[in-house]
Amino acid sequence: MSGPIALHWAPQAASPPPPPPVVPSWSPVELIESIGVPHGFAEYVVWPAVQLALILFVVLTAVAYLTYLERKVAAFIQARLGPMRVGPVGLLQPLADGLKLLSKEDLVPAGADRFVYLAAPVLAVTAALGLLVLVPFGAAWGTVTDINIGLLFLLAVASIGVLGIVLAGWASNSKYALLGAMRSSAQLVSYEVALGLALVGPLLFARTLSMQEIVESQRFTGLWWVAVQPLAFVVYFIGSLAETNRAPFDLPESESELVAGFHVEYSGFRWSLFFMAEYANIIITSAIAATVFLGGWSMPGLETAVSWIAGTDATTPLYSTAFTLLSIGVFAGKVLVLVYVVMWVRWTLPRYRYDQLMDLGWRWLIPVSLANILISAFAFLVAMRPDQGGLLGLVEVTKNGLWMGWAGTAYFLLVNLATFAMAAWLLAKLNKTAWSTDLHALRRVEALRRAGRLATAEEARAE
Amino acid sequence: MSERRSIGSVLSRLLLVDLFKGLAVTLRYNARALVEARDGADPTQAIYTAQYPKERPLVGERWRGAPKLNNDPRTGESLCIACNICALVCPVDVISVGQANREVRDGEKRKKKKVLTTFEFDTSRCMFCGLCQEQCPTLCLELTQEFELAVESRAGLVWDREMLEKGIHVVTYKK
Amino acid sequence: MASDTPSAAAHVFEQTEMLLNMGPQHPSTHGVLRVLLKLDGETVVDLDCDIGYLHRGVEKICEHDTYPMITPYFDRLDYVAAVNGDLVYVEAVERLMGVELPRRAEYLRVILAELQRIASHLLWLATHALDIGAATIFLYAFREREEILKIFENFTGARLTAHAFRIGGLQWDANPEFVRDVLAFLDILPGRIDEYETILSENRIWLARTVGIGVLTAADAIDTGLTGPVLRGSGVAYDVRRAAPYSVYPEFDFEIPTGDTGDTYDRYLVRMQELRQSVRIVRQAIEGLPEGSVMAARVPRVIKPPAGEVFHTNESPKGEIGVYLVSDGTNTPYRLRVRPPCFVNLQALKQLAVGHLVADVVALIGTIDIVLGEVDR
Amino acid sequence: MTKDDPNNEASSESRPTAKKAKGGIDVVEATDDRLVERLRERFGDAIHSAVIMVGQRVVVVAVDSLAEVLTYLKSGDELKFDLLLDVTAVHRPAETPPFELVYQLCSTSTLERVRIKSGIEDGASAQSVTGIWRTANWLERECFDMFGIVFEGHPDLRRILLPEGWEGHPLRKEYPVEFRENRWVADTLNIHALPDDADFSGKVEI
């Protein structure tokens, strides 16, 4: 291919990109300053503290109510009613559970490494809650902080959580807990790779690591990255199930084999810390998915809705407040949908075995996400404007984000199909034995293999 | 290993069709649970729960539950003739019948008759097989439809004659 | 790692195997079974079953109880299939006494026994699926089982330990709503079995967990004395209902499903098919249910079978349950031996599990379908 | 009626018409039974008796040749009793020999069944059949546990239902039905008998 042909194929290149979307400028920092707090102090100490307190309160309540939601979802799926006794339709159940857990005895098994045993749940829950700082809950002042390596930081801190699990399993001095910890360390390490690689795809389009800017980039392009990176989304979702130890990957705590896995010896409040960490992790992985793939707090029609409430002047406190609160609502809605899917999957599917889980991670998810990066990057390069280093000129990189017209959108949707086909081909090549769709053939092979092994064992016994 | 794969089977495997089929079943239950009526223990409804103890289940007529010694409804005297068959037939020996020969007046005549003095029934070991009730010649010993037999102490599980004739008090809840 | 001066650390690293004690209190051993696993990593190298935690000495007790008093004990052998336990005992005594049953009694017995088989298989499916992690199937199957228990409750007066049969027939005729209830249940069940199969049969995770796990060849299975669905999963069409027919089973039309590779998935398929076959039998029995008495005409009040012995077997949901009854002509048996299918089938666990992972042990205990009440007696 | 269906127990042509004794059960000599003839031919006097009782074939064999007979039944020409259903014993302290071993065999191909019995002295040991049928392993262990009959050649003969170190064998007639091994329970499980004035009310005093 050569330049002139590409230029000929560039109908969008001539049209100028639209102006960046409106973001309200007022922030409650001004309110704090108006009562006499110095500017720097208000912006970097008082207001973040208020935000953190609010977020902790809201998220911890949400975690408590997620347990309620989980029990209700499970019940409705299983033809039951779920909690019904404490409060109307059981709404006070989380409170009752919390009180019960607080009043239970805090057991330390004999032979446990006392300090590590006591510290492990704290570590797990701290790692989970520490991530909340970076989650872009909403527009404008709905976010605590926004650093330029936000996503990287999130992934880095999230992997500390596994330490809590490993230490808990080791320090319990119990074989079941040890097996659970072993499984979980292997599982989390392998799935983090797939998880990180899956996030690279959308980053090609977002062109930034800052969480807030990822949202803005989707707003600017008018497209959620799930549309151009569906494969990465699927890989991310599966990986996040494994990262949060949720079924069908809940091996570290598989109750039917390892009873409760790494936290089998814990009781009372320390046990509930693990529980809290698990649910906080679900919220955070869902939040990352919502931010990176589903447009974060942005939503078509959000600005229109705000203008109905607060007019069109973006500088007023009312506009800013309405915008922020609505965007938080949108974000919460998206996270809730993802959390529901997580629960729905948990209560439907059986559990993978340890080796099969590793298989899935290393032989399916990681190759797919690598292929996805490769193909996406190539397609992206081809589609860029010639003066920016590409060929077709279907997308233009502006300082506010990526601009592509209908042709660019259509092009990337087509690329998805190509990616899918190529990934399928790759997987077929990689997983010849595990690939089989012919169940009967597979079973015959297994039976023969087993029979061969048994025959040799018989001979050994005879001798 | 050469095996035939059709495009359809490959696609259905890649698109996780098998998993989505199962997920569809559970999603349907979840959706139905939100809209359908919940009468309790109706197998055709999405929610099967009966809210015991607020909804008291109706046990079958033949239910073998708490034991009871019936009195003659006309005279108010015990129907038990102290024949001891129930105690003999019990596989786990939970029944002990106390009896005495007493003189009773039947009109003008006086005669000796075996009467019941004490009756002990150990519900802690009873396995509710119903053999005692089957063998009772006077329909005196009966296993009723009462099924809430929990008490606060072990001693309370051994029922004496008075308890057996009176029956136990059951707390009923409202929905 | 062996060296001339072994240090403590070297000793630690030489140990590559770990002993893991599974049970007697463990969610997936289906009762008080204790399995001692020797693991290399997570692979099972050796395995030993420790049973007897629920041993009650039923055989000894039976030697001191009169014949009617023994029936409730048979409820409590395989307590999730109490009716099948009752059936084999009363049939053994009747066979020794030469009692002929009225046809209505035989039909009602078959209906109850097959409903119990459905209930037992549903419970198996529920717990087996739960072991492999599919928690929802557990409650679905329990919901259907509950309907059967309600039918039992109305018919016999108890849900689980039904004490359904008496020597010479049944205590009660069917309650008036019995036929209606059973038919209503039969209408629901096939659709529900389809639902279970939609969730499980093609599910890739289910397949990954069951296909090729615990393969038993037909010869191996017979050699280990397995009976019931475990044997049929290996491809041997041996079903006591056909092999040594009892009651009125020859009058019904049903098939014996068999597997071909003898893995956990085959045993799953066999049991799912058996559910459907049992539905067929119950439907035929309900449609052909004769009128008449439910108690044989000449059953003595005191049951004293003539001196002699009999070995009578039935197809219980778990396998071939047998009663070896030695009578000396008195009102208590001289010796009563139960041939427990679970006890014999459990023996195969070591054969099945060695070489697999810990997670598979759980699936394999589930696939054998044991009830510790019967294993330990 | 299918109760005594000849197809499953003994083939119908080999079953002579039974004389029904008053109050008893039909026990007839298995005179023209194909299987019994074959066994008699091969083992001669080792086959003590062979009867058909309630339609079931019962063959009593000398204990010395028990293992040979069973091996023959499992793998001998045409017979193929490949399924060992049960191994158990009966204790008759008044008789000699006091114990009777009982093997229930079945053939999955011909569906024929036979019961092999053999008297055995107290303290004598029988040949283990674990080499013939693997299923005999646990069944013989249970027999040992309950009766104290020792099976020679068993790979792992120890108690199976009762704990190691239990005294006595419960299914022997001299073992009482109501018997509490309090000493064993106290020593091993650390559960001690309650005093006579123990409080069973379940109330906790503070």
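Quick caveat, the model's predicted, so the values are computed rather than measured. (Residues numbered from 1 in each chain as written. Chains lettered and ligands numbered in written order. Predicted model: local features only at pLDDT ≥ 70, side-chain atom pairs only at ≥ 80, totals over all residues. Heavy atoms only, no water.)

A.B. asks: Just give me the short version of the domain arrangement of chain A, but keep the residues and values in it.
C.D. replies: Residues and elements named next belong to chain A. According to the domain assignment, chain A consists of domain 1 (53-100) and domain 2 (104-374). Using only C-alpha atoms to locate each centre, domain 1 and domain 2 end up separated by 20 Å. Facing 15 residues of domain 1, the contacting portion of domain 2 comprises 17 residues. Together, Ile55, Leu66 and Glu70 form the three largest contributors to the area buried by domain 1 at its contact with domain 2, with a combined 35%. For Arg346, the salt bridge goes to Glu70, with nearest N and O atoms at 3.8 Å. Connecting domain 1 to domain 2 are 4 residue pairs in polar contact (both at pLDDT 80 or more). Here the side of domain 1 that touches domain 2 gets 13 residues from one element, more than from any other, and that element is helix α3 (residues 39-77). (Domains from an automatic or database assignment. Contact = heavy atoms within 4.5 Å. Buried area = accessible area lost by both parts, 1.4 Å probe. Salt bridge = Lys/Arg side-chain N within 4 Å of Asp/Glu carboxyl O. Polar contact = N/O pair within 3.5 Å; in protein donor to acceptor, adjacent residues only side chain to side chain. Helix = DSSP H or I, 4+ residues; strand = E, 2+ residues; numbered from the N terminus.)

A.B. asks: Pulling in residues and values, what's your account of the interface of chain C and chain B?
C.D. replies: Taken together, the contact pairs 37 residues of chain C with 32 residues of chain B. Of the roughly 3,000 Å² buried at the junction of chain C and chain B (both faces included), carbon and sulfur atoms supply 52%. Per-residue buried area on chain C facing chain B is highest for C:Met69, C:Arg143 and C:Arg204; these three make up 21% of the total on that side. Across the contact surface, chain C and chain B share 1 salt bridge. With a shortest N-O distance of 2.3 Å, C:Arg166 and B:Glu134 are connected by a salt bridge.

A.B. asks: Break down the sheet that holds strand β6 (residues 113-120) of chain D for me, citing the residues and quoting the values.
C.D. replies: Consider a sheet: its strands pair through backbone hydrogen bonds, and that pairing is either parallel or antiparallel. Residues and elements named next belong to chain D. The mixed open sheet is built from 6 strands, whose spatial order is β1-β2-β3-β6-β5-β4. Whereas interior strands pair on both sides, the edge strands pair on one side only; in this sheet they are β1 (27-29) and β4 (83-91). Neighbour to neighbour, the strand axes of the sheet diverge by 25° on average, direction disregarded. When β1 meets strand β2 (residues 47-53), the two strands line up antiparallel, connected through 3 bridges. Across the sheet, the residue bridging to Val27 is Met53, located in β2. Here helix α1 (residues 34-43) sits on the sheet in contact with β2, β3 (56-61) and β6, set at roughly 175° to β2. Sheet contacts for helix α3 (residues 136-147): β4 and β5 (99-106); angle to β4, the most-contacted strand, approximately 10°. (Pairing = 2+ DSSP bridges. Axes fitted to C-alpha atoms, helices over the stretch in contact; angles between N-to-C directions.)

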